[in-house]
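Listed below are the residues making up each chain.
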Amino acid sequence: MGPIEAPCRVTVIGLGYVGLPLAVAAAEAGFLVTGLDTDELRIKQLAAGDSYVEDIPAERLLGALDSGLTVSHDYADTKDFDVCVIAVPTPLRDGAPDLSYIESAASSVTPHLRPGATVVLESTSYPGTTEDVLLPILEHGSGLRAGRDFHLGYSPERIDPGNTQWRLENTPKVVSGVDEDSLGAIDSFYRRIVTRTVPVSSPRTAELTKLLENTFRQVNIALVNELAMCARPLGVDIWEAVGAAATKPFGFMPFLPGPGVGGHCLPVDPTYLAWQVRRQLSHDVRFISLANEINAHMPRHVAQRVATGLGRELTGAHVLLLGLAYKKNTGDVRESPAVEVARLLHEAGAHVRAVEPYATPAHLPPHVLCVDLTEEELRAADAVVVTTDHDVFDYALVERHARYVFDTRNRYRGEGVDRL
Ligand SMILES: NC(=O)c1ccc[n+]([C@@H]2O[C@H](COP(=O)([O-])OP(=O)(O)OC[C@H]3O[C@@H](n4cnc5c(N)ncnc54)[C@H](O)[C@@H]3O)[C@@H](O)[C@H]2O)c1
């Protein structure tokens, strides 16, 4: 089995934040790509050149559709693939890893697995998923042996939605295989797409690498969030302290406080690691439990600070939230702490309105009325809370008309602001 060379047939399963950019980049690299997603609506949208992933503008999608990319919801269209990349969701269900999407994708693609082909898992999961969960499904369904008859490995995604500097193509990509041949095939495939690959010795190492990266962020954000809650009563501005510490040229890396963590990664991935360590070693990864606890508390802390800042009960107060997405300049509201802030304020009896220019209405919480950022809305609000510091917000308008502002992101520069 030789190295992967374009043109060859690539299937990408799961066309979300991770799979769509990969499918487009693979088509641009000269591969014949079938993008497969079970969501028929998404497939219709993509086929019409309509991208729902901000990092892939319509022109780029259309360019890929004009060259090597086709999209489908029918697994029959994946037949005779040379490389298959699986990028389906890995959520938590009742606090435990839910691998059903990987299992289902693997079962559906197995009838099309041929000798010499390569299968790569990109979905984030605990160490052992590729070899203990994916491999048996592929082998059992095809009668083939991983390593001997087909290549198999794991390559974690490092997509950072909205990051224009570090994109799929110029971010180093960790690659692994169940054996040397698999590693070689997977490495040569990604080298056609990204500028640098980082081969590691096993899928387990690659799986842990991804979880280490995300746990590192989750723990450091929790540390600075805890310090933010202590700094204000100590008479210190945490933002100023972080900024000053960041001038140290060695041994320090700045992390910023905020209303909590959101998205698919930080609230979910470290728990995959903690769950597997507990299951396999009966050991509690205390850093992960503590960081989860602190980050999950932040929306409640924000709601409490708003009440304190207003100097009154929240019942009947009019609160305008700026931003519901978990991250600035994106519309991703998955696990967003801003949504939790909205829920808590609503639960406390406040009338909550929110300005969220990026998210589609169907994905917004039902108890929050979404409005435009106008002078009237600002004047009507007892409190304006900067929950997501989107660049498009007119902060000067807020400064002119808001009575009280609570800023969780250190973005607002007006007078009389309260900061986290
Ligand atoms: N979003 C990120 O920034 C990010 C970063 C790194 C890693 N990841 C990881 O990558 C994986 C994918 O995440 P995402 O953000 O792209 O998810 P997503 O929800 O944006 O997209 C997943 C897609 O998979 C499709 N799908 C589900 N089951 C399927 C099946 N059986 N067959 C075909 N399609 C199916 C869904 O319809 C959806 O379109 C997850 O494991 C996640 O943890 C995500």
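About the cut-offs
Each chain carries its own residue numbering, running from 1 in the written order of its sequence. Side-chain atom pairs in this predicted model are given and counted only at pLDDT of 80 or more, local residue features only at pLDDT of at least 70, and totals for whole chains, interfaces and linings cover all residues. Water and hydrogen atoms play no part in the side-chain values, which are based on all heavy atoms of the structure. The secondary structure listing takes helices from DSSP runs of H or I that are at least 4 residues long and strands from runs of E that are at least 2 residues long, numbered from the N terminus. When we talk radius of gyration, it's over C-alpha atoms, and the globule rule is simply 2.2 Å times the number of residues to the 0.38. Type-normalised accessible area, obtained with a 1.4 Å probe on protein chains alone, sets the label of each residue: buried when under 20%, exposed when over 50%, and partly exposed for intermediate values. We call two residues in contact whenever any of their non-hydrogen atoms come within 4.5 Å of each other. Using a 1.4 Å probe, the Shrake-Rupley method yields the accessible areas, and only the shown protein chains count as cover for residues. Counted as positive: Lys and Arg. Counted as negative: Asp and Glu, with His and the chain ends omitted from the count. Charge coordinates come from a single atom per side chain, which is NZ of Lys, CZ of Arg, CG of Asp or CD of Glu. Salt bridges are identified by distance alone: a Lys or Arg side-chain nitrogen within 4 Å of an Asp or Glu carboxyl oxygen. The nonpolar core is taken to be a set of buried Ala, Val, Leu, Ile, Met, Phe, Trp, Tyr and Cys residues, with the residues joined through side-chain atoms within 4.5 Å. Whether two strands pair depends on DSSP finding at least two bridges between them. Orientation is described by axes fitted as lines to C-alpha atoms, over the contacting stretch for helices, and by angles from 0 to 180 degrees between their N-to-C directions. For crossovers, right-handed means that the path from the first strand over the helix to the second runs clockwise, given strands pointing away from the viewer. Those domain boundaries reflect an automatic or database domain assignment. When two parts are brought into contact, each loses some accessible area as probed by a 1.4 Å sphere; the total of that loss over both is the buried area. Polar contact criterion, stated in full: a pair of N or O atoms within 3.5 Å, where within protein one must be able to donate a hydrogen and the other to accept it, and residues adjacent in sequence count only if both atoms are side-chain atoms. Each residue is assigned to one class: nonpolar for Ala, Val, Leu, Ile, Met, Phe, Trp, Tyr, Cys and Pro, charged for Asp, Glu, Lys and Arg, and polar for all the others, Gly among them.

1. Quick notes on the overall build of the protein
When helices and strands are tallied, the protein shows 13 helices and 16 strands. Its C-alpha atoms give the protein a radius of gyration of 23 Å, within 12% of the compact-globule value 22 Å for 420 residues. Judged by the C-alpha coordinates and their principal axes, the protein covers about 70 × 50 × 40 Å. When each of the 420 residues of the protein is scored for burial, the buried share is 53%. When contacts within the protein are restricted to residue pairs at least 6 apart in sequence, those whose partners lie at least 24 apart make up 70%. Roughly 18800 Å² of accessible area belongs to the protein as shown, and the carbon and sulfur atoms make up 53% of that amount. Taking the average place of the 38 positive charges on the side chains of the protein and the average place of its 55 negative ones, the gap between the two points comes to 3 Å.

2. Details of the pattern of salt bridges
Any two side chains of opposite charge can pair, on the condition that their charged atoms come close. One pass over the structure, following the stated rule, counts 22 salt bridges. Two residues, Asp-132 and Arg-204, come together in a salt bridge whose shortest N-O distance is 2.8 Å. Of this pair, Asp-132 sits in helix H5 (residues 129–142) while Arg-204 is found in helix H7 (residues 203–231), placing the two residues 72 residues apart along the sequence. Taking relative accessible area as the criterion, Arg-204 reaches 33% and is therefore assigned partly exposed. Of the charged contacts, one joins Arg-334 and Asp-332 as a salt bridge, the two residues approaching to 3.2 Å between their closest N and O atoms. A relative accessible area of 34% means that Arg-334 is categorised as partly exposed.

3. A closer look at the nonpolar core
Within the largest apolar cluster, 38 residues are counted, with the highest numbers of intra-cluster contacts made by Val-306, Leu-321, Leu-324 and Leu-345. The element contributing the most residues to this core is helix H11 (residues 337–347), with six residues. Beyond its immediate stretch of four places on either side in the chain, Leu-321 contacts Ala-338, Val-341, Ala-342, Leu-345, Val-352, Arg-353, Ala-354, Val-355, Val-385 and Thr-387.

4. Describing the sheet that holds strand S3 (residues 69–72)
Spatially, the six strands line up as an open sheet ordered S3-S2-S1-S4-S7-S8, and their pairing is parallel. In the strand order of this sheet, the two ends are held by S3 and strand S8 (151–154), each with one partner. Each strand of the sheet is rotated relative to its neighbour by a mean of 15°, with strand direction disregarded. In the sheet, strand S4 (residues 83–86) pairs with strand S7 (residues 118–121) via four bridges, with the strands oriented parallel. By the bridge assignment for S7, Val-83 is matched with Thr-118. Sheet strands in contact with H5 are S4, S7 and S8, and its direction is about 145° off that of S8.

5. A look at unusual backbone geometry
For Asp-80, which is not glycine, the phi torsion reads 65° and is therefore positive. With phi around 55°, Ser-282 is a residue other than glycine that occupies positive phi space. The residue Ser-282 is located in the loop between helix H9 (269–281) and helix H10 (286–310) in this model. Classification of Ser-282 by relative accessible area gives exposed; the value is 68%.

6. Topic: the sheet that holds strand S13 (residues 369–370)
Strands sit in the order S13-S12-S11-S14-S15-S16 across an open sheet of six strands; the sheet is parallel. Each of the sheet's edge strands pairs with one partner strand only, and the pair in question is S13 and strand S16 (418–419). Each of strand S14 (383–386), strand S15 (405–407) and S16 is contacted by H10, which is oriented at about 145° to S14, the strand it contacts most. Across the face of the sheet, H11 comes into contact with strand S11 (318–322) and strand S12 (351–355) while running at roughly 175° to S11.

7. A word on the pairing of S8
Alternating positions in S8 separate into two faces, His-151 and Gly-153 on one and Leu-152 and Tyr-154 on the other, with burial throughout. Pairing analysis gives four bridges linking S7 to S8, with the strands arranged parallel. The partner of Val-120 across the bridge, within S8, is Gly-153. Handedness of the S7-H5-S8 crossover: right-handed.

8. Focus: the domain arrangement of the protein
Partitioning the protein into domains gives domain 1 (9–201) and domain 2 (210–291). Every contact between the two is made by 17 residues of domain 1 and, on the other side, 13 residues of domain 2. A buried area of about 1200 Å², summed over both sides, lies between domain 1 and domain 2, and 64% of it is on carbon and sulfur atoms. In this structure, the connection of domain 1 to domain 2 is made through one salt bridge. In this structure, the salt-bridge partner of Glu-213 is Arg-158, at a minimum N-O distance of 2.5 Å. For the pair domain 1 and domain 2, the number of links is five residue pairs in polar contact (both at pLDDT 80 or more). Here the residues of the side of domain 1 that touches domain 2 sort into ten nonpolar, four polar and three charged.

9. Points about H11
Pro-337, Ala-338, Val-339, Val-341, Ala-342, Leu-344 and Leu-345 are the residues of H11 that are buried. Each element contacted by the buried residues of H11 is listed here: H10, S11 and S12. Structurally, the start of H11 carries an N-cap: the backbone nitrogen of Ala-338 is 3.2 Å from a side-chain oxygen of Ser-336. With its phi angle positive at about 100°, Gly-349 sits one or two positions after the end of H11.

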